[in-house]
Amino acid sequence: MIVLKGIRLKHTWHNHNDDSESAIDWLRTCEAFMRTTVGAVLIAFLGLILAPTVTGLRTAMADSPVSASVTPQAKLSQIVRKVQTHLDVMTKKLASNRDDSQEQVALQQLRQELIQLDTSIRTNFHSVKDMLLAKGLSDTILQRHQAMVEAYESELATLLSNLQAIEQATGLGLRQKKAKAAKAHLNTKKQKRSQQPFDPNNLPNKNRKADPAKQPKKKRGKFLNAGLLDTPLVRLAALGDFTFDNLINASNLEFLAETDEVVLTQAIQDKAAELNHDPVKIYHWVRNNVEWQPVWGAVQDADLTLAAKRGSAMDIASLTIALLRASLIPARYVHGTIEVPIDEYKNWAGGFSNDNAAVNFAASGGIPTGSVVTGGQISHVQLEHVWVEAAIDYHPSRGAVNRDADSWVAMDPSYKQYEYLQGLDAVAISGIDTDQLTQDYLNSGTVNEAEGWVTGFDPTILESAQTQAQQNLETHITDNMTDPTVGDVIGGRKSIIEEFPVLPSSLPNLIVVEGARYDKLPGQLQQQVTYGLGTDVLNQPVSVLTLPWASVNNRKVTLSFKPATADDEAALEALLPEGEITDISQLPTSIPSYLIEVIPELKIDDQVVSSGNAMNLGQELDFHTKIQFAGRADPQPYIYRVVAGSFLSVNAVAGNVSAHKLQELQTKLEQTKLTLESNDQAQIAVLTREDILGDMFYTGSLGYFAQLISLSHIAGLSQGAHGYLSAGYGTFGYEPNVSYFFGLPMSIEPGGVTLDIPIENVAAVNDGDNQKRINYLFQYGILSSTLEHAVPEQMFADPNNPPEAISAVKALSKASAAGQRIYQITQENQAATLPNIHHDSATMSEIQVALNAGKTVITHTDAVSVPGWSGAGYIIFDQETGNGAYKISGGNNGGLLILALLFIIAIAAIIIALQGGILIPLLLGYNLFAYAKNIEKIAQSDMSADEKEVVVNQASILAALDLVITIFPLLRTFGSEGVALELYLSGFILMIESVFI
């Protein structure tokens, strides 16, 4: 999870001359606050659910869980949880005949606090009822209110009675009995947000493994038995000046149609026109410019593959077919098995030096792969593959003149050979004695290998080395290189270009079997995703929707909530003050969630594709995500418990991030910014929360994965390691806080920005060393966690008052800086180490479950804090598989950011739908536009020699620096400090914008 807090923003506002005027001052004095509409309520309270108090506007949120600005409902919820904690301690002490006097005193004080607080709660209930009656709301809403009042009175009376019984109990035995009864009463009802589900044998950061049983099919009958049949059925048609009616089945219109993967976007049509609709040029352009990624299944559509210039065989075939069909040339997929000489295969798969490593990389990616062994060594690799056939005027010009189609011509633009660029030896150029640097760094702290902990490392030692290395690298490039490319500096690969005036006469490799031909890819060859909005009584997902992954990859997918009925809309509207809103203090400080029912909605590009059942605002929704990889057994679903009233971007990224999408997003954000600055109420009235909040979190989602893909690629270059993002999912957005009372969501209050990002990947190293692969996967996980706090900090950056988010890596870094010990805990040393760890009970329970399952846990000793959050960061890692979980207290696989002044965004959301005027802080337009622009550099990077721009911006350099400073002591516990140092000095964080001019 992620928390932004304590930001004070100053901007130049439209039509205002005072550049130093703060956003809040301007908001207070602007006359644009007009009477609100229902739409404003929906945006404000269902888009972000924010309602800060006046105190919250002037001061940062206190770190204490209970502060002066906390609502009575929130305080009630916190006191009940404290009672629960003390009862738990008391029963344990009494069971072992220990002194429980401290708990007795604490419970007496808490009972008095409850009695005092009861007056405020009842007053609030009366005020709400009066308001409901005055506004003439329906009997349904009044009945909900009365039911909550009755439940509150009954439960509070029982709780107070139980606590009084404990006070009056004479003797340890009777007090123990009464304490158990009170504890049992509390434990039957939810008192706080649920810990996110955790399974140590299904860790969220997964590395896909090869399945030896998944061998390539070598006979056509095997394809038929698997249900892989030729499509479509023969159907005759004719179209256009290019004739193909004399070629068998070529006139079937399905061979010109769009599919899930073959999308004829404007970018596809423009590229086809640029290539003169010439099949020869289309084939060679794709072959020479688009890299093959050795994974199985359709993951990207043609538009994304065009933008990324990388993809699987199916993705590349989809791009080629799209360009051909956009040129009115019938084209289809061919699915079969090919045989490739081992040396060519190792080059094609990534420049491997080890035969088995190359084969296993593709097999781990799901490709049915087998080896042909000759003389005890692998001589060839057989693999299932997908290529293209197009209806071409082949005789006699071999496609150079395309008038009358006479042949189905095979072409395989996926296959090629690469030139591998070594890049600079940054370590040698740096002039740094790496052995001495390693020793100096280790000497700055303490390493206790016997007990499994490290502490006290001085990060400035590495920072100084990085500065020296950076300066020496700049000097070397300036003095010795002319017009250097990214590939020249950091290495990489580029296609060995082939350019001929005609199409090839055959495929470049032996065809073992041609299995089936398709106009569109069957579901068996598609990666798919299934979403579910809720769980039924049989523990099965409801409102289930299954989609091809290519149809959501890089798309804007959001999960939000709307009022269930007109009564709920009216109740929401009634919660806002009447008349013109002239000051933020007029807004309510919390929302009585028990009054409102909402419906969850899943949207793609702002269009509703699935809706769930009605539920109370503040209730938890089980959001199910299940990724189905082509040709793999059904995986376990991932469940994230979302508070009803959240607004989340649903991550759906695999393979690559589209620079085109980021460019489109930049344009849209810039237009939104201009609209907001214009004060043109007609244009402003059209804006929705999806235009503001949806685009904001969508930008963050794409930015996160753009940096993860690029930075992990750069890290791999220095180690001969390869990584492929099979699926990045989860959520990124705003979630409110909920105050519960005996299982009922009583109210919702301001929360924070959260990330919860599980990842599926494929990884390999060139030489096949499994320990190196495990180390790389650990580094990949550390990087993914680093970005979980770095991305929100980048998005909401304020140089004068930088925000601070939290993640597992950030928590470990803060603990280390504070002098805490960082422990590596295993089954073997847990008895000695666990007593030194002082985290909350839910976190300790997860750690214990992980250790019982044979996993390694890395954590610190005591809680660390950022504004608005206090807790632990912990890494759960499987040293056999490389799978891991990078978590913070609460169970999230991600980061958290709390903004004390997140009200700025709340006000932006509220005012969107105001009649007659609007107030939007330029934060939403300007900062995110700049962020998207920076991220585009990273997304566009293909690490080839053709790339002339720097691919890592300053924010990413800082994130990488944070990564290395954190990873170095952690890897030391694995005995791998040399790997971390090589990563540190090899160019991973030496990319700077001034390198290329």
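As the structure is a computational prediction, the values presented were derived from the model and not from experiment.

Novice: Which residues make up the packing of aromatic side chains, and what are the values?
Specialist: To describe a pair of aromatic rings, you give the distance between the ring centres and the angle between the ring planes. Summed over the entire model, instances satisfying the criterion amount to 16 aromatic pairs. Their ring planes at 80° and their centres at 5.9 Å tell us that Y638 and Y729 sit as a pair that is edge-to-face. Separated by 91 residues along the polypeptide, Y638 in strand β20 (residues 638-643) and Y729 in the loop between β22 (721-728) and β23 (731-741) bring together distant segments of the chain. Per residue, the accessibility class of Y638 equals that of Y729, and both read buried.

Novice: Quick rundown of the environment of L117? Include the residues and the values.
Specialist: Mapped onto the secondary structure, L117 falls in helix α5 (residues 101-134). You can call L117 buried: its relative accessible area is 11%. Sequence-wise, L117 and I79 are 38 residues apart; in three dimensions their C-alpha atoms are separated by 9.9 Å. Setting aside anything within four residues of it in sequence, one finds L117 in contact with P72, K75, L76 and I79.

Novice: Any details on helix α9 (residues 266-274)? Residues and values, ideally.
Specialist: Considered for burial, the residues of α9 that qualify are I268, K271 and A272. Viewed end-on, α9 has its buried residues packed into an arc of 100°, placing them on one side of the element. In α9, the exposed positions angled more than 90 degrees off the buried face are occupied by Q266 and E274. Tucked into the core, α9 has its buried residues touching α10 (279-289), α11 (302-308) and α12 (313-326). N276, located one to two residues past α9, shows a positive phi value of around 60°.

Novice: Quick one: what's the story with the packing of helix α6 (residues 139-168) against helix α7 (residues 172-187), residue by residue and with numbers?
Specialist: Put simply, α6 and α7 touch, their axes get as near as 8 Å, and they point 160° apart. Here α7 runs roughly antiparallel to α6, going by the angle between their axes. In the crossing of α6 with α7, the sense of the turn from one axis to the other is left-handed. Between α6, through E155, T158, L159, N162, A165 and I166, and α7, the contact on the second element is made entirely by R175, K178, A179, A181, A182, H185 and L186.

Novice: Tell me about the side chain of T320, and name the residues and values.
Specialist: Mapped onto the elements, T320 comes out in helix α12. Assessed through its relative accessible area of 0%, T320 is described here as buried. The residues contacting T320, other than those within four sequence positions of it, are I282, V286, V388, M411 and P413.

Novice: Kindly report on the packing of helix α4 (residues 72-95) against α6, identifying the contributing residues and their values.
Specialist: Contact geometry for α4 and α6: axes closest at 13 Å, N-to-C directions at 35°. Here α4 and α6 pass one another in a crossing that is left-handed. Judged by residue contacts, L76, V80, V83, L87 and M90 of α4 engage Y152, L159, L163 and I166 from α6. Its residues placed into classes, the contact of α4 with α6 shows nine nonpolar, no polar and no charged.

Novice: Describe helix α24 (residues 808-817), with residues and values.
Specialist: In terms of burial, α24 is a largely internal element, seven of the 10 residues being buried. Where α24 is concerned, the buried positions are A808, V809, K810, A811, L812, A815 and S816. Two residues or fewer past α24, G819 is found with a positive phi of approximately 90°.

Novice: How would you sum up the nonpolar core? Please name residues and give values.
Specialist: Generally speaking, soluble globular proteins have nonpolar side chains that are buried together. By size, the foremost hydrophobic cluster in this structure holds 144 residues, and its most contacted members are W292 and Y345. A per-element tally of this core places α12 first, with 10 residues. In this structure, W292 is in contact with G311, S312, A313, I316, Y345, W348, A349, I367, L383, S414, Y418 and R493, ignoring residues within four places of it in sequence. Grouped together as the second largest cluster of nonpolar side chains are 43 residues, V657, L665, F705 and L755 included.

Novice: Go over the pattern of salt bridges, please, and point to the residues and values.
Specialist: Counted according to the given criterion, the structure contains 39 salt bridges. Between R122 and E153 there is a salt bridge whose closest N-O contact spans 3.1 Å. Here R122 is found in helix α5, whereas its partner E153 is found in helix α6, with 31 residues between them in sequence. A salt bridge links R144 to E597, with the shortest nitrogen-to-oxygen separation between them at 3.6 Å. On the criterion of sequence distance, the pair formed by R144 in helix α6 and E597 in strand β16 (residues 597-604) is long-range, its members being 453 residues apart. Residue class for E597 comes out partly exposed when judged on its relative accessible area of 26%.

Novice: Please give an account of the environment of D355 that cites residues and values.
Specialist: Within the secondary structure, D355 sits in helix α14 (residues 355-364). For the pair D355 and S379, spaced 24 residues apart in sequence, the C-alpha to C-alpha distance is 9.2 Å. Those residues in contact with D355 that lie beyond four places of it in its chain are I342, K346 and I378. Among the polar contacts made by the side chain of D355, one reaches the side chain of K346 at a distance of 2.9 Å.

Novice: Break down the sheet that holds strand β14 (residues 545-548) for me, citing the residues and quoting the values.
Specialist: Ordered by their spatial adjacency, four strands build an open sheet running β14-β13-β19-β20, and the pairing between neighbours is antiparallel. Only two strands of the sheet have a single partner each, and these edge strands are β14 and β20. Averaged over all pairs of adjacent strands, the angle between their axes in this sheet comes to 20°, without regard to strand direction. Two strands pair when backbone bridges link them, and strand β19 (residues 620-628) and β20 are joined in this way by six bridges, in the antiparallel orientation. Bridge pairing in β20 places D622 opposite R641.

Conventions adopted
Residues numbered from 1 in each chain as written. Predicted model: local features only at pLDDT ≥ 70, side-chain atom pairs only at ≥ 80, totals over all residues. Heavy atoms only, no water. Phe/Tyr/Trp six-rings, centres within 6.5 Å; stacked < 30°, edge-to-face > 60°. Helix = DSSP H or I, 4+ residues; strand = E, 2+ residues; numbered from the N terminus. Buried < 20%, exposed > 50% of the residue type's maximum accessible area, 1.4 Å probe, protein only. Contact = heavy atoms within 4.5 Å. Arc of directions from axis to C-beta. Axes fitted to C-alpha atoms, helices over the stretch in contact; angles between N-to-C directions. Parallel < 35°, antiparallel > 145°, perpendicular 65-115°, else oblique. Left-handed = near helix turned anticlockwise from the far one by under 90°. Nonpolar A, V, L, I, M, F, W, Y, C, P; charged D, E, K, R; others polar. Core = buried A, V, L, I, M, F, W, Y, C linked by side-chain atoms within 4.5 Å. Salt bridge = Lys/Arg side-chain N within 4 Å of Asp/Glu carboxyl O. Polar contact = N/O pair within 3.5 Å; in protein donor to acceptor, adjacent residues only side chain to side chain. Pairing = 2+ DSSP bridges.

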